[in-house]
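Chain by chain, the residues:
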Amino acid sequence: MKPLTEQCSEHQKKSAGEMPSEETRTAPGNGVTVYAAPTRESPAQQNGIASSHDVISPVSQSQTANQPPSSTPAPPALPPREQWGGKYEFLLSCIGYCVGLGNVWRFPYLCYRNGGGVFLIPYFIMLFFTGMPLFLMELSLGQYGAAGPITVWKCCPLLKGIGIGMLCVSTLVCLYYNVIIAWTFYYLGSSFQSPLPWSCDALQNIAFCGNKTNVTQSPSEVFWNEKVLGVVNSKGLHDPGPVRWPLALCLLAAWVVIFLCMLKGIRSSGKVVYVTATFPYFVLVVLIIRGATLEGSLNGVAFYLTPNWVHLANAQVWNDAASQIFYSLGIGVGGLLSMASYNKFDNNVIRDTIVITIGNCGTSFFAGFAIFSILGHMAWRKGVPVGEVADSGPGLAFVAYPEALALLPGSVFWSILFFLMLFMLGVDTLFGNMEGICTAVLDEFPQLRSNLKHKTLFLALLCFSFYLMGLLLITDGGIYWFTLIDSFSTSFGLIIITLFMCIGISFFYGVNQFCQDIVDMICRCPPWCTKLLWYFKACWVVFTPFLLTFILTYIFIEMYRTPLRYGTYVYPTWGKALGVCMGAFCCLQILIWAIVAVSKESGTLKDRFQKSIRPLNSWRVNNINMTSQEQHVEPQQVEGPFTVNLTEADFTAMNWEAISEA
């Protein structure tokens, strides 16, 4: 790999804003020098394919002049691609996309369940050898290709199915993720009541709080299961029941918010993230300060961090660490790739990777103090161990933590603040997933990008379609379908997609070429970037595929021997098979589109395979739009193909004549 200082000139040639210098070629024979007009690099040259310059001679020039103009129409110009208003918009969008509900309701629970502070050891090992390399790969691929998760695979047409698979996974995630935002809306609206409807101070909950001997559920559990979900009215997956219309209105409001925020693409969502990405940090700080003043909070923090070194020998701990890193960073869904495609070509993706991934993991660790300090206080008030009140997922966000907030003075204020934070966290993550879908479609159909009316209509139809499909998840038995999609949409299918992305870029596109592409983008980066690339290169080739294979193997083993449950309900075989089909459908796109790519080529099977892994001529051509908007220089042709080359004897003769005349 060349040093960065040697690559700056190459990067300048790749940027269309700076025209290549006038190239001089010497014609053989008579010492005649021909000047070729400066031109932009062709797509073939941008792909490293050598192509000769067209040399204009008098004969060819006259022949060209006598030929009639070609009747072939010029290809329509593609609309200019949008770009982020500034680097902070991209950083905040990525941080908001990565820092989601899993950081608040999953990481703290995994930490205490897997040995407390000991869990941080496998957690950070998985971050450095799996999370960071894959994160950098997606950002670099999207930024260098300036395309969405489908079109970007012009770099290796054989792997186009990876982009299709990402689109399928993102569709499933968007389908159920906005249901969480609908629940948050419902709780947010209910938080404006005093007393809170899930607290013991509410009149309807006196029977649950007054006599504690025969009570099996807390008021918050009753509110969640009966008032919000209505799951007590359903017998299981086969019995969804009617739609719960209060939740249907909340879901509609959630999709309207998403539609309005994404109406103008990154120009609108890039401004929204200034609020949605920073507000959760303000709430977490406030909750930590408030929790530190409560009695019993230190017991909760100790429960959260007390190390148990025996857990390091358990494979479940390492799998939990890897899965948490993998899912919290949002890798393999297409959101990162799409957001990076709107970057400037010379944006420093290595710096962004370090900042975002470290910030995401730091937020997870930070959120644990806000969660367990208040859960410790609730355990102290009830006189039970912290482990009995700790939970994860929706059970933490909508049962345990609201119950803890109801015990605080000024519970209405704290409840509103908490559910506003959940809303911001959910909206940011959904922005990234929706951006992945929209970018993929707009890149495949660029005419939609140039027509605001058609683009608006497409986004409206997309959101409305998701709303109609999401109605199944807000029926009486909707939580069973929610759990099924949540369990399998980001399970083995997503791991397989990411594994093939890593292997495909490393061995088909070429890890050396990929590293060179990154160097071309960040030629102004300090020298440590080049040294760090050697580490990422080793991860892409060896460590990351190995760890992904380990995660995949463990998932299949657990899937086989562990039944899927929600509470006491055990999913039937056909329900679990349906979930496996969802995951298989996503990853099978890789095989299907690989067969299509090979069948389009000609020759033997080996020739077809080799042709299908070569970049298309249009690969990287979108980067021209980045600088051509800033500076447009018309190429000029030098009409004077014959130039006399003067020798030393000519200068000697000229000097002699000048002396003679004097």
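Criteria and cut-off values
Residues numbered from 1 in each chain as written. Predicted model: local features only at pLDDT ≥ 70, side-chain atom pairs only at ≥ 80, totals over all residues. Heavy atoms only, no water. Axes fitted to C-alpha atoms, helices over the stretch in contact; angles between N-to-C directions. Helix = DSSP H or I, 4+ residues; strand = E, 2+ residues; numbered from the N terminus. Parallel < 35°, antiparallel > 145°, perpendicular 65-115°, else oblique. Left-handed = near helix turned anticlockwise from the far one by under 90°. Contact = heavy atoms within 4.5 Å. Nonpolar A, V, L, I, M, F, W, Y, C, P; charged D, E, K, R; others polar. Expected span 1.5 Å × (residues − 1). Buried < 20%, exposed > 50% of the residue type's maximum accessible area, 1.4 Å probe, protein only. Arc of directions from axis to C-beta. Core = buried A, V, L, I, M, F, W, Y, C linked by side-chain atoms within 4.5 Å. Polar contact = N/O pair within 3.5 Å; in protein donor to acceptor, adjacent residues only side chain to side chain.

Another point: the packing of helix α23 (residues 492-521) against helix α25 (residues 573-600). Helix packing geometry: the angle between the two helix axes and the distance between the axes. Look at α23 against α25: their axes get within 8 Å of each other, and the N-to-C directions meet at 15 degrees. Accordingly, the angle class assigned to the pair α23 and α25 is roughly parallel. Seen from above, α23 lies across α25 with right-handed handedness. Together, Phe-492, Gly-493, Ile-496, Ile-497 and Phe-500 of α23 and Val-580, Gly-583, Ala-584, Cys-586, Cys-587 and Ile-590 of α25 make up the contact between the two elements. Across the contact of α23 with α25, the residue classes break down as nine nonpolar, two polar and no charged.

Time to look at helix α13 (residues 279-292). With 14 residues, α13 extends 20 Å between its outermost C-alpha atoms, agreeing within 8% with the 20 Å of an ideal straight helix rising 1.5 Å per residue. Buried within α13 we find Phe-279, Pro-280, Val-283, Leu-284, Leu-287, Ile-288, Arg-290 and Gly-291. One face of α13 carries all of its buried residues, which in axial projection span an arc of 170 degrees. In this structure, α13 carries Ile-289 and Ala-292 as exposed residues pointing more than 90 degrees from its buried face. As for α13, its buried residues are in contact with α12 (266-276), α14 (297-305), α17 (349-382), α18 (394-406) and α19 (411-444).

Generally speaking, a soluble globular protein has its nonpolar side chains buried in company with each other. If you look at the biggest cluster of nonpolar residues, it comprises 195 residues, and the most contacted ones within it are Trp-183, Met-434 and Trp-540. For this core, the element with the most residues is helix α8 (residues 160-190), which contributes 19 residues. Those residues in contact with Trp-183 that lie beyond four places of it in its chain are Trp-224, Val-228, Leu-229, Leu-247, Pro-394, Phe-398, Ile-479 and Phe-482.

Turning to helix α15 (residues 315-328), a few remarks are in order. Over its 14 residues, α15 runs 20 Å from end to end, which matches the ideal 20 Å to within 8%, given 1.5 Å per residue. Burial runs high along α15: ten of the 14 residues are buried. Within α15, burial applies to Val-317, Asn-319, Asp-320, Ala-321, Ala-322, Ser-323, Gln-324, Ile-325, Phe-326 and Ser-328. The opening residue of α15, the one whose side-chain oxygen lies 3.1 Å from the backbone nitrogen of Gln-316, is Asn-314. A positive phi of about 70 degrees marks Gly-330, the residue just after α15.

Backbone torsion omega between Ser-194 and Pro-195 reads 0 degrees, so that peptide bond is classified as cis. Here Pro-195 lies in the loop between α8 and α9 (206-210). Despite not being glycine, Ala-146 has its phi angle at roughly 50 degrees, a positive value. Examined against the element boundaries, Ala-146 turns out to sit in the loop between α7 (120-145) and α8.

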